[in-house]
Amino acid sequence: MICCYNRLYEDETLHSACARYVLRMNRPRTSAGVRELFGENAKSVRVDLPNRLKWFVQHLPPGFSNSCADWIERHTLFPFYRAFWPRGRERQYFDEMVRDRSTSLDKPVLVVSQLSKFLRYCPVCLDEDRAQLGETYWRRLPQIAGCMICPKHQVFFESSSIPSRLRNPQNELVSAEEALSSTPPRKIDLKNSGHQVM
């Protein structure tokens, strides 16, 4: 059983919650930490469409939802992508996220399901999180390619130095709190026609 799992924040990615867990529990951020959360054969935690969720929810401590559907809907990019998938694929991809093995989701499932190259964040959300929660976290919306502006604060998302896809197994799970420092926000200009279409 996974002990002392984190309370998840609004719109937090599952990847982010896992990164906060390994940091808090002083576990390896590498595949060893991933295996503790997703089973012996797990290698990584995708930011957008993680898999092995059945194993994960079955090993959570009491008080957490044991519904894979809840985790998929609230903490992955599945709800944002499904409108762009061919008919019938939604159920296939959902099932592959739940299964306890590697899946075809290890390859991008559509061009639209591409992530930004690096994990992104809103600088105003970051400062508010630290003031209100004592830490910040990776949110879902900034990770979607083409999504450029925080709808709450009307500022541009900023890129971190953390790749959105695994490139170095030694840095698999890096929390936003570890990776980010405060940066001045870049506000949108509604008089700029280029900003209006975003």
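No experiment lies behind these values; they were computed from the predicted model shown.

About the criteria used
Residues numbered from 1 in each chain as written. Predicted model: local features only at pLDDT ≥ 70, side-chain atom pairs only at ≥ 80, totals over all residues. Heavy atoms only, no water. 1 Å grid on protein atoms, 1.4 Å probe; cavity = no way out; pocket = protein on both sides within 12 Å on 5 of 7 lines; lining within 4 Å. Points joined across faces, edges and corners; volume = space filled by probe spheres on them. Helix = DSSP H or I, 4+ residues; strand = E, 2+ residues; numbered from the N terminus. Nonpolar A, V, L, I, M, F, W, Y, C, P; charged D, E, K, R; others polar. Buried < 20%, exposed > 50% of the residue type's maximum accessible area, 1.4 Å probe, protein only. Contact = heavy atoms within 4.5 Å. Disulfide = S-S within 2.5 Å.

Counting across every chain of the model gives 1 cavity of 30 Å³ or more. Within this model, the largest cavity holds a volume of roughly 50 Å³. The wall of the largest cavity is formed by Arg 120, Tyr 121, Cys 122, Cys 125, Leu 126, Thr 136, Tyr 137, Trp 138, Arg 139, Pro 142 and Leu 180. Looking at the lining of the largest cavity, the elements with two or more residues in it are β1 (118-121) and α7 (123-133). Taken together, the residues of the lining of the largest cavity sort by class into 8 nonpolar, 1 polar and 2 charged.

Here we take up helix α1 (residues 14-24). Taken across its 11 residues, α1 has 9 buried, putting it largely inside the fold. Every buried residue of α1 is listed here: Leu 14, His 15, Ser 16, Ala 17, Cys 18, Ala 19, Arg 20, Tyr 21 and Val 22. Check the buried side of α1 and you find it contacts α2 (31-38), α3 (53-58), α4 (68-75) and β1. Residue Asn 26 follows α1 closely and has a positive phi angle near 55°.

Below, the discussion takes up the state of the cysteines. All told, the structure shown has 0 disulfides when counted by the stated rule. No disulfide involves Cys 122; its nearest neighbouring cysteine sulfur is the one of Cys 125, lying 3.7 Å away. Owing to a relative accessible area of 5%, Cys 122 belongs among the buried residues under this scheme. For the unlinked cysteine Cys 147, the closest cysteine sulfur is that of Cys 150, found at 9.1 Å.

Let's shift gears to the environment of Leu 173. Mapped onto the secondary structure, Leu 173 falls in the loop between β4 (158-163) and α8 (176-179). For the pair Leu 173 and Ile 162, spaced 11 residues apart in sequence, the C-alpha separation works out to 9.6 Å. Excluding residues that lie within four positions of it along the chain, Leu 173 makes contacts with His 15, Cys 18, Ala 19, Val 22, Arg 29, Val 34, Val 45 and Glu 178.

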